[in-house]
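# Remarks on the overall topology
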Amino acid sequence: MPAAGTWLDAATITALATMLPVLGAAALWFAVPDIARRASAVPALLWNLIGLTAVNVLAVQVGWWSFGTTGGGWFGVPADLIIGWAVLWSLIPVLAGRWIAPRYAVVGLILLDIYLMPVLDPAVRLSPHWWWGEVVAVITCLLPGVLLGELTARRRRLRLRVCLQVVLFTAILLVAIPAVAATMSGRSAEAVLDQVGGPFDLALMQVAGVVALVAVAAVVEFARHGGTPYPWDPPDRLVTSGPYAYVRNPMQLCGTLLLVLLAVITGLPLLAGAALIAAAFSSGIAAYVENDSLATRFGGDWADYRRAVRPWWPRRHPVTYGEPARVHLARGCDPCSELTAWIVERSPVGLEVLPAEDHQDELRRMRYQSPTVVVDGVRAFGLMLTHLNLAWALAGWVIATPGISHVLQVLVDVSGGAPRDIAQD
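I will try to describe carefully the structure that is included in this document.

So, how was this worked out
Residues numbered from 1 in each chain as written. Predicted model: local features only at pLDDT ≥ 70, side-chain atom pairs only at ≥ 80, totals over all residues. Heavy atoms only, no water. Helix = DSSP H or I, 4+ residues; strand = E, 2+ residues; numbered from the N terminus. Buried < 20%, exposed > 50% of the residue type's maximum accessible area, 1.4 Å probe, protein only. Contact = heavy atoms within 4.5 Å. Lys, Arg positive; Asp, Glu negative; His and termini not counted. Charge placed at Lys NZ, Arg CZ, Asp CG, Glu CD. Pairing = 2+ DSSP bridges. Axes fitted to C-alpha atoms, helices over the stretch in contact; angles between N-to-C directions. Right-handed = clockwise from strand over helix to strand, strands pointing away. Patch = residues over 30% accessible without salt bridge, like charges linked within 9 Å, V, L, I, M, F, W, Y side chains within 5 Å. Areas by Shrake-Rupley, 256 points an atom, 1.4 Å probe, with all protein chains shown as cover. Salt bridge = Lys/Arg side-chain N within 4 Å of Asp/Glu carboxyl O. Parallel < 35°, antiparallel > 145°, perpendicular 65-115°, else oblique. Left-handed = near helix turned anticlockwise from the far one by under 90°. Nonpolar A, V, L, I, M, F, W, Y, C, P; charged D, E, K, R; others polar. Core = buried A, V, L, I, M, F, W, Y, C linked by side-chain atoms within 4.5 Å. Phe/Tyr/Trp six-rings, centres within 6.5 Å; stacked < 30°, edge-to-face > 60°.

### Here's the deal with the overall build of the protein chain
- Check the secondary structure of the protein chain and you find 16 helices and eight strands.
- If you line up the protein chain on its principal axes, its C-alpha atoms span 85 × 50 × 45 Å.
- Taken across its 425 residues, the protein chain has 44% of its residues classed as buried.
- Within the protein chain, counting contacts between residues at least 6 apart in sequence, those at least 24 apart form 72% of the total.
- Within the protein chain, one finds 29 positive and 30 negative side-chain charges whose respective centroids are separated by 5 Å.

### Here we look at the environment of Val 136
- Note that Val 136 resides in helix α6 (residues 130–154).
- In this structure Val 136 comes out as partly exposed when scored by relative accessible area, which is 25%.
- Expressed as a C-alpha distance, the spacing of Val 136 and Leu 351, which sit 215 residues apart in the sequence, is 49 Å.
- With near-sequence residues (within four places) excluded, Val 136 lies in contact with Val 55, Trp 64 and Cys 141.

### Observations concerning the sheet that holds strand β5 (residues 325–329)
- Strand order in the open sheet formed by four strands is β6-β5-β7-β8, with mixed pairing between adjacent strands. The strands lining the two open edges of the sheet, one partner per strand, are β6 (351–355) and β8 (374–376). For this sheet the average axis-to-axis angle between neighbouring strands, irrespective of direction, equals 20 degrees.
- Pairing analysis gives three bridges linking strand β7 (residues 367–369) to β8, with the strands arranged antiparallel.

### Notes on the pairing of β6
- Where β5 lies against β6, five bridges are found, and the strand directions are parallel. Along β6, the bridge assignment pairs Val 327 with Val 353.
- Between β5 and its parallel partner β6, the chain crosses via helix α13 (residues 334–345), and the hand of that crossover is right-handed.

### Focus: the environment of Val 327
- Along the chain, Val 327 falls in strand β5.
- Residue classification places Val 327 among the buried residues on the basis of a relative accessible area of 0%.
- With 28 residues separating them along the chain, Val 327 and Pro 355 place their C-alpha atoms 8.3 Å apart.

### Things to note about a nonpolar patch on the surface
- Residues Trp 74, Phe 75, Ile 83, Val 180, Met 184 and Leu 270 make up a contiguous nonpolar surface patch of roughly 530 Å² in combined accessible area.
- Tracing the backbone through its elements, the reader meets Trp 74 in strand β2 (residues 73–74).
- By relative accessible area, Trp 74 is classed as partly exposed at 33%.

### Remarks on the pattern of salt bridges
- All chains considered together, the criterion is met by 15 salt bridges.
- The residue Asp 233 makes a salt bridge to Arg 155 at a minimum N-O spacing of 2.9 Å. Of this pair, Asp 233 sits in the loop between α9 (198–224) and α10 (250–266) while Arg 155 is found in the loop between α6 and α7 (158–184), placing the two residues 78 residues apart along the sequence.
- Using a relative accessible area of 34% as the deciding quantity, one classes Arg 155 as partly exposed.
- Between Arg 326 and Glu 352 there is a salt bridge, with the nearest N and O atoms lying 3.4 Å from each other. Of this pair, Arg 326 sits in strand β5 while Glu 352 sits in strand β6; the two residues are 26 residues apart in sequence, bridging distant segments of the chain.

### Remarks on the packing of α6 against α7
- One way to put it is that α6 packs onto α7 with a least axis distance of 10 Å and a crossing angle of 125 degrees. Compared by their axis directions, α6 and α7 come out oblique. Taken as a pair, α6 and α7 cross one another with a handedness that is left-handed. Judged by residue contacts, Pro 144, Leu 147, Leu 148, Leu 151 and Thr 152 of α6 engage Leu 160, Arg 161, Leu 164, Gln 165 and Leu 168 from α7.
- For the contact of α6 with α7, the per-class residue count stands at seven nonpolar, two polar and one charged.

### Here we look at the nonpolar core
- Counting 41 residues, the largest nonpolar core has Leu 52, Trp 65, Trp 85, Trp 89, Leu 91, Val 124 and Leu 142 as the members making the most contacts within it.
- Put simply, the parts of the chain that give this core at least two residues each are α1 (10–31), α2 (35–62), β1 (65–67), α3 (79–89), α4 (91–96), α5 (102–119) and α6.
- Among the elements that make up this core, the one with the highest residue count is α3 (seven residues).
- Those residues in contact with Leu 91 that sit more than four places away from it in its chain are Ala 25, Ala 41, Leu 45, Ala 86 and Ala 96.

### Observations concerning the environment of Ala 303
- Relative to the helices and strands, Ala 303 resides in helix α12 (residues 300–308).
- Distance from Ala 303 to Ile 172, taken between C-alpha atoms, is 32 Å for residues 131 residues apart in sequence.

### Overview of unusual backbone geometry
- Here the bond from Asp 121 into Pro 122 is cis, since omega is 15 degrees, no more than 30 degrees from zero.
- By the element assignment, Pro 122 lies in the loop between α5 and β4 (124–126).
- Although it is not a glycine, Arg 155 adopts a positive phi angle of roughly 55 degrees.
- The phi angle at Ser 347 is positive, at roughly 50 degrees, despite the residue not being glycine.
- With respect to the element layout, Ser 347 can be found in the loop between α13 and β6.
- Ser 347 sits in the exposed class, given a relative accessible area of 51%.

### Some points on the packing of aromatic side chains
- Counted by the stated rule, this structure contains nine aromatic pairs.
- With a centroid separation of 6.1 Å and 50 degrees between ring planes, the pair formed by Trp 65 and Trp 85 is classed as tilted. You can see Trp 65 sitting in strand β1 and its partner Trp 85 sitting in helix α3, a full 20 residues away along the chain. For the pair Trp 65 and Trp 85, one class covers both residues: buried.

Structure (structure tokens):
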């Protein structure tokens, strides 16, 4: 792009800053035959669209830079410039990753941006402290976006790419969609937040928190089987455990419920419309593609699971396939023996209750063990509850959530439930 600031107007500079990255990305898209890499570039694009919009709103508010164009904006920043910037920082480096190492692409983009920002005047007017905004944008948008795209394309660092995807999907569901709905309704974020409060809203927020934690449990279950929620980065095995033992589409169901709850809490009817659209898409086009793909990959196993578990209406009791999970509880511990009797009385599905004394390891806490997970203590208790019924499973997924389970474990330990030696038989 030429040093245009002195001889092109703001509209022309904006058009060039938008079209050149888009045309470059389109050329790379057709040059890259790898469908997985193409698909991996999309999360990077979404990350940058959301992140760069937020950074530019912040930049205008704190005075790092301002824009010389009017109209066609998102939250006070030019949409076309954000699109061009996001494409430049996502589609191009991820698609080019087929030939160029990501670190070289990132360094090149940073240097290019340092050159371009000052020459975009009058479309972008910089203050002396504009480089603060550049640093924030690189750290929050460029680096994690490219990392997410590259890790997804190469299917590496499962936990990290799952965490990045969770952050992205959370931002889309809880920030981007509500922000768009508020803007389309002619309401500011401050006006929406001012009306939130009171016992009813607080109760709905707690319900929303439980729904969100069930979605997290579904994501964790995918990760245990080697995949992520992104449709082009799925597990290699059919997932029928965790929330999937109760309903086929727990993440879609939770996402739809969260939009409905947000619609009530914020008073934005458009969020209910977004929930309806999401449910219709998931039940229609997405379900058709997913069913065909899973039938091809898993054959009879998928057919059996599909007959037993409904897509949107959860079962009361779970279904299990394959090897059962096991929970090991000490016979010589009065609380553990009472818990054993309590569990057995409720006829858990797909769970064997065994004495900890017979375990090959010297256990010091109760242990839950399945083909995909081995956990002790509070997390073991939480996962054990998921084998009873849906009500207990909801409590179990909340208890077993990383972070919550750690806090609960500390509380249990200081209350007398610390690890203890178990005599082996």
